[in-house]
Amino acid sequence: MAKKSKNTFYITTPIYYVNDVPHIGHAYTTIIADAISRYKKLLGKDVFFLTGTDEHGQKVEKAAQEKGLKPIELADQVVVRFQELWKALNIDYDFFIRTTQPIHEENIQKIFKKLKDKGDIYKGIYEGWYCDSTEHFLDEDVPLEEGGFKICPECGTKAFIVSEECYFFKLSAYQKPLLDFYAQKPTFVRPRSRMNEVVSFVKQGLKDISITRTTVEWGVPVPDDPKHTIYVWFDALHNYVTGIGYDWDRPHFEKFWPADVHLIGKDILRFHAIFWPAFLMASGFPLPQTVFGHGWWLKDEAKMSKSKGNVLDPHLILETFGPDPLRYFLLREIPIGLDGNFSHEGFIHRVNSDLANDLGNLVQRTLTMVHSYFGGKIEEMDKEEKADKALREEFENSKEKIIRFYEDYALNRALEEIWFFISTVNKYLADNEPWKLARDESQKKRLGRILYQAAAALRVISYLLFPVIPVSSEKIWDFLGEEKSIEDESLSELKFKNLKLGQAMKEPKPLFPRVALKDFLKEEETRQAPPKKEEKMDMITFDEFKRMDLRVGEILTAEKVEGTDKLVKMEVDIGTEKRAMVAGVADVYSPEELAGKKVIVIVNLKPAVIRGIESRGMLLAAEIEGKAIIPFFDKDVPAGAKVR
RNA sequence: GGCGGUGUAGCUCAGGCGGUUAGAGCAUGCGGCUCAUAUCCGCAGUGUCGGGGGUUCGAAUCCCUCCACCGCCA
């Protein structure tokens, strides 16, 4: 294979599964990829950025059936949703691959055949408990339920025994090569902590994996044996090679392969860090440089999931703010490897404070002064003085750091550094007080220098921000009177003095409007009259259940909490101690009625202060139209007895 | 259960191969400016650096132990 030229850069996102519409998590991965890709382009690299959709498999088959559609019809619909979102977010990808495209399907078959001929894929029998919903065989140590079946620990639905003839990939043969590879290239998996997990997983031993199904029709058929369908993961992972031309545009493929970064969510690390390099080794392809597993955005500290109904839809934010504030927030708030908590409060706060106050206001004040003191054109200025030079050197310093952070994919650190510099420029203006110099005509040239420095700073700031907030950055350049686009200037050439003297600057308009949190929340409310779905809870394991300490509690005393309708304060004997608890049951039970009763109490619930009273435990009750109905025991039980 | 990680200001986190008064941003309080999107600048705090023990002249930093939380274990 031809050697890859050093000046190319190939980055991918996962291909997204089309059984669901896009949400903030998809947006996050894709925004990271876009920012890195734009950064590399500024360096003058020949960048290829691939994204797309994974359209085969049982879940899509099922989701389509529920809607009365053919799988491909569902895929066609959902693909549009993704593409529209990428457009709204200003994602500048080079190719959008769909696994249903012939160039993909044909080449998957070709690769499959190649590995089969080589002996890395062989036919065998697989038997095991299979979950339709998550499309995988359960671990062998999942316990048998009483009815003699197994429950999928991931989704909670019933699994079935499936015994099928299928094709296996000889993963076991790659244990040693993989370990050697990891040892030789410790940066293959990032963040580093995840590399440890991968290595220890592989060290435990690898079994061959089944890579076909006979139970699924919606997929790529095995060549010469079409009752077998290639399993989605084998199908999907290879998009990274088919998407750049394997085997339909060889020169293009050879130009960009191997990938520099596969950006993924941490949940699919195993597939990318173990299976994928093994497949590639089998095919004889060079291995990618890095698999970067990013964290998840949580909503109010909880993982977003369809079943919780707390999936965050980015559309309202996009309509209110445009793409840049969301891009900025997601990349600034957390390091790529960690989880983050998404709240509208946090979002509005950061956008107001960083974008509107620090950056937006700096643009506004600088250009307003250029206009009111110079009519938009600084024609003349003094030589650079000490303070001016300090500002310029500060920039040169920061620029180096910022580049280092970008190179390391530490986008949050790069942004942090840029904001240090923004703050320095604000300080520079405060120290040099151009508004005072403006009152003295003899200081005109000095004033010119100061505003020139500030404008030059804005020019380089917006340049460095371009990967993250491309629209706003271009706007700032336009305000400054730049005629070329940011992308026409190479990062290595970026300097203060590139701002031409005498350039006609425009009158600025606020770049990032401040939005009050309460207005935004109100808007959100009116926007989504949420159809109140029945509360569906996730399955929990017995271990999780065991964490709740439920016991019989004897209510010793009970009295109404002054000034409330529903609250009762009780002293409850839980066997080992007596505790104060507060419960909202007074509308159904009188305190007299409660005293002496035995109830079920969760005793290790975090204490809560209710009406100034610390409630150390909660009694269990059925909630019927807002009223609490307490279960009592029909035989005598001692206080403190464990309930389970 | 096994392996790995985390616990530092009200909040989010940085530092951490031992060494001056432990840092940043946000939030809070006070002061300044008025060019600017009620923005910007300055000052001020507050912390037994998870608990306990040890090594050392000296520990947030190294060791032991306990507690809590998190990740991975097809």
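Since this is a predicted model, take the numbers as computed values, not measurements.

Considering the pairing of strand β18 (residues 567-573)
Counted residue by residue, β18 has five buried out of seven residues, so it is predominantly covered. Looking at chain direction, strand β17 (residues 550-560) and β18 are connected through six bridges and run antiparallel. Bridging across to β18, Lys-560 finds its partner in Val-568. Summarising the sheet, β18 and strand β19 (residues 578-584) pair through seven bridges and their orientation is antiparallel. If you follow Glu-571 over to β19, its bridge partner there is Ala-580. Linking β18 to β19, which pair antiparallel, is a turn of four residues; within it Gly-575 sits at a positive phi near 95°.

Some points on the sheet that holds β18
Strand order in the open sheet made by the five strands is β19-β18-β17-β20-β23, with antiparallel pairing throughout. What marks the edges here is a single partner per strand, and that holds for β19 and β23 (618-619).

Thoughts on the domain arrangement of chain A
Domain annotation of chain A identifies domain 1 (8-312), domain 2 (344-498) and domain 3 (530-629). Computed over C-alpha atoms, the centres of domain 2 and domain 3 are 58 Å apart.

Comments concerning the nonpolar core
Membership of the largest hydrophobic core comes to 168 residues, with the highest contact counts inside it found for Phe-169, Trp-257, Phe-342, Leu-359 and Ile-418. Counting contributing residues per domain, this core is built from domain 1 (8-312) and domain 2 (344-498), each supplying no fewer than three. Those residues in contact with Ile-418, other than ones at most four positions away along the chain, are Ile-402, Tyr-406, Ile-461, Leu-464 and Leu-465. Formed by 18 residues, the second largest nonpolar core is a distinct cluster that contains Ile-555, Met-570, Ala-586 and Val-603.

Let's talk about the packing of aromatic side chains
In the structure shown here, the tally under the stated rule is 41 aromatic pairs. On the numbers, 3.8 Å between centres and 5° between planes, the contact of Trp-233 with Phe-271 is stacked. Here Phe-271 lies in helix α10 (residues 269-283) and Trp-233 lies in helix α7 (residues 232-237), a separation of 38 residues in the sequence. One aromatic cluster in this structure is built from Tyr-10, Phe-48, Tyr-240, Tyr-246, Phe-253, Phe-256, Trp-257, Trp-276 and Phe-285. Against the face of Phe-285 rests Lys-114, its NZ or CZ located 4.9 Å from the ring centre. Above the plane of the ring of Phe-632 lies Lys-597, whose end atom (NZ or CZ) is 5.4 Å from the centre.

Thresholds, definitions, all that
Residues numbered from 1 in each chain as written. Chains lettered and ligands numbered in written order. Predicted model: local features only at pLDDT ≥ 70, side-chain atom pairs only at ≥ 80, totals over all residues. Heavy atoms only, no water. Buried < 20%, exposed > 50% of the residue type's maximum accessible area, 1.4 Å probe, protein only. Helix = DSSP H or I, 4+ residues; strand = E, 2+ residues; numbered from the N terminus. Pairing = 2+ DSSP bridges. Domains from an automatic or database assignment. Core = buried A, V, L, I, M, F, W, Y, C linked by side-chain atoms within 4.5 Å. Contact = heavy atoms within 4.5 Å. Phe/Tyr/Trp six-rings, centres within 6.5 Å; stacked < 30°, edge-to-face > 60°. Lys NZ or Arg CZ within 6 Å of the ring centre and 35° of its normal.

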